[in-house]
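The lines below spell out each chain.
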Amino acid sequence: MARVRLATGSGKVLVNGRPLENYFLTEALRGVVLQPLNVTETAARFDIQVNVKGGGPAGQAGAVRHGIARALIEADANLRRR
């Protein structure tokens, strides 16, 4: 389960209070998490805070990706098409 907070910012991503690189240790998992930001080209527009628990690293990365995608649509409905 992942709870995502999106705020206008410079692209910082914190997961459970730690930088993304220190929480998801492999490039593959970081790629999964950042996929919605890369597809919508909004990586530098938002700061993201995530609280995630349960499951393993891959499941958590998928949950965070889903949460980020939903938060982006909430912030800007025009991003849904991407």
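Conventions we followed
- Residues numbered from 1 in each chain as written.
- Predicted model: local features only at pLDDT ≥ 70, side-chain atom pairs only at ≥ 80, totals over all residues.
- Heavy atoms only, no water.
- Helix = DSSP H or I, 4+ residues; strand = E, 2+ residues; numbered from the N terminus.
- Expected span 1.5 Å × (residues − 1).
- Buried < 20%, exposed > 50% of the residue type's maximum accessible area, 1.4 Å probe, protein only.
- Arc of directions from axis to C-beta.
- Contact = heavy atoms within 4.5 Å.

A.B. asks: Explain helix α3 (residues 57-75) to me, and be specific about the residues and the numbers.
C.D. replies: The end-to-end C-alpha separation of α3 is 27 Å, in line with the 27 Å expected for 19 residues at 1.5 Å each. Looking at α3, one finds that the buried residues are Q60, A61, V64, G67, I68, A71 and L72. For α3, the arc enclosing every buried residue in end-on projection is 135°, short of the 170-degree limit, so these residues lie on one face. α3 presents A58 and R70 as exposed residues on the side facing more than 90 degrees away from its buried surface. Where α3 is buried, its residues contact β1 (2-8), α1 (20-23), α2 (27-40) and β4 (46-52).

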